[in-house]
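Report on the structure
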Amino acid sequence: AVSRFGDDRPAYREVSAKMLATCLHMLQGTPYVYQGEELGMTNYPFKGPEDFRDIESINAYREWCKEGPLSHEVFWPCMLFKSRDNARTPMQWSDEENAGFTSGTPWLKVNPNYTSINAASQLKDPDSVRSFYKKLIALRKSPEYKETVVYGELTPLWEEQHNLMAYSRKGDKTLYVIGNYQREEQSVTLPGACQKVLLNNYPDLQADGNTIRLYGYQVLILEM
């Protein structure tokens, strides 16, 4: 998800992975986590069609390139971006051989960034993507906020604002979830005072009264 909807470059990978997680987990319904999303795992840098195992991708490449109207140069970026095999690469447990996934030969290659993105390196890091997921899940399950997050009414906010996903959750409490879906900063003005910042994927908050300036890919959960 971070490669498709966020930004998997080193400067933004962690903050955008946390932003995406928050926008999903605070919605109504049951959130699902593809194994590896909680680490901010990224798409694999496939070199050619022979690296794929996904039948849908292989068939699409044959139909659109080998037998169809598109060139490799046109179709290949789409295949890299959208193939389901990106979510099927071996789980990156550690920086050991094959990311600690197997001592054998995995059916899909291990992403070469496993030495820096793996579960072992994030276990004791309080600022890691994994640690952020734990805080997010704890918030959903907490007795104080569970009724609002699980059962509360959902209302979109600032719908006209580009690259912003924002909504309120109203139950016995009122929560605002505000996610900036771009590298550039942008601002929102709250209709009332913020009582508490429940979660923030940055160490600080840029606020001038009720106006908040969001950093690139910043996300906030506010109790109003």
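The coordinates are above.
**Some remarks on the sheet that holds strand S7 (residues 211–214)**
Taken together, 3 strands build an open sheet; the order of strands is S4-S7-S6 and the sheet is antiparallel. The sheet is open, and its two edges are formed by strand S4 (186–189) and strand S6 (206–208), each paired on a single side. Strand after strand, the sheet turns through a mean of 25° between neighbouring axes, direction not considered. Relative to S7, S4 runs antiparallel, the two being bridged by 4 bridges. Bridge pairing in S7 links Ser187 to Arg213.

**Details of the packing of aromatic side chains**
Counted according to the given criterion, the structure contains 7 aromatic pairs. An angle of 65° between the planes, with centres 5.6 Å apart, marks the rings of Tyr12 and Tyr217 as edge-to-face. On the criterion of sequence distance, the pair formed by Tyr12 in the segment before helix H1 (13–25) and Tyr217 in the loop between S7 and strand S8 (219–223) is long-range, its members being 205 residues apart. When its relative accessible area of 25% is taken as the criterion, Tyr12 is described as partly exposed.

**Topic: the layout of surface pockets**
In this model, the largest pocket occupies a volume close to 560 Å³. What lines the largest pocket is a set of 21 residues, and nearest its centre among them are Ala1, Tyr34, Glu37, Asn86 and Ala87. Of the residues that constitute the lining of the largest pocket, the class distribution is 8 nonpolar, 8 polar and 5 charged. Its volume calculated, the second largest pocket comes out at about 220 Å³. Along the walls of the second largest pocket sit 15 residues, with Ala1, Leu20, Ala21, Leu24 and Glu37 positioned nearest its centre. Broken down by element, the lining of the second largest pocket gets its largest block of residues, 5 residues, from H1. Class assignment for the residues of the lining of the second largest pocket results in 13 nonpolar, 1 polar and 1 charged.

**Quick notes on H1**
The α-helix winds at 3.6 residues per turn, so residues separated by three or four positions along the chain end up facing the same way. Over its 13 residues, H1 runs 18 Å from end to end, which matches the ideal 18 Å to within 8%, given 1.5 Å per residue. The buried fraction of H1 amounts to 11 of the 13 residues, a majority that puts the element mostly inside the structure. Residues of H1 that are buried make contact with helix H5 (129–141), helix H6 (146–151), strand S2 (164–170), strand S3 (174–180) and S8.

**Considering the pattern of salt bridges**
Per the stated rule, a full pass over the model turns up 13 salt bridges. Between Lys109 and Asp51 there is a salt bridge, and its shortest N-O distance comes to 3.4 Å. A residue pair is termed long-range when its members are at least 10 positions apart, and Lys109 in the loop between helix H3 (72–82) and helix H4 (119–122) and Asp51 in the loop between H1 and helix H2 (55–66) qualify at 58 residues. By relative accessible area, which is 49% here, Lys109 ends up partly exposed. Where Lys173 meets Glu144, a salt bridge forms, and the shortest distance between an N and an O atom there is 3.7 Å. Of this pair, Lys173 sits in the loop between S2 and S3 while Glu144 is found in the loop between H5 and H6, placing the two residues 29 residues apart along the sequence. With a relative accessible area of 41%, Glu144 lands in the partly exposed category.

**Considering the environment of Lys18**
Structurally, Lys18 is set in helix H1. On the accessibility criterion, Lys18 (8% relative accessible area) is buried. Once the C-alpha coordinates of Lys18 and Arg88 are considered, the two residues, 70 residues apart in sequence, prove to be 21 Å apart. When near neighbours in sequence (up to four residues on either side) are disregarded, Lys18 contacts Asp127, Ser128, Val129, Phe132, Asn201 and Val219.

**A closer look at the sheet that holds S8**
In sheet architecture, strand pairing relies on hydrogen bonds along the backbone and comes in two forms, parallel and antiparallel. Pairing is antiparallel in the open sheet, where 5 strands are placed in the order S1-S2-S3-S8-S5. In this open sheet, the two strands that pair with only one neighbour each are strand S1 (153–156) and strand S5 (196–200). If you compare each strand with its neighbour and ignore which way they point, the axes differ by 20° on average. Pairing of S5 with S8 involves 4 bridges; the strand directions are antiparallel. Each bridged residue has a counterpart across the sheet, and for Lys196 the counterpart in S8 is Glu223.

The rules behind the values
Residues numbered from 1 in each chain as written. Predicted model: local features only at pLDDT ≥ 70, side-chain atom pairs only at ≥ 80, totals over all residues. Heavy atoms only, no water. Pairing = 2+ DSSP bridges. Helix = DSSP H or I, 4+ residues; strand = E, 2+ residues; numbered from the N terminus. Axes fitted to C-alpha atoms, helices over the stretch in contact; angles between N-to-C directions. Phe/Tyr/Trp six-rings, centres within 6.5 Å; stacked < 30°, edge-to-face > 60°. Buried < 20%, exposed > 50% of the residue type's maximum accessible area, 1.4 Å probe, protein only. 1 Å grid on protein atoms, 1.4 Å probe; cavity = no way out; pocket = protein on both sides within 12 Å on 5 of 7 lines; lining within 4 Å. Points joined across faces, edges and corners; volume = space filled by probe spheres on them. Nonpolar A, V, L, I, M, F, W, Y, C, P; charged D, E, K, R; others polar. Expected span 1.5 Å × (residues − 1). Contact = heavy atoms within 4.5 Å. Salt bridge = Lys/Arg side-chain N within 4 Å of Asp/Glu carboxyl O.

Such coordinate-based values are descriptive only and should not be taken to indicate function.
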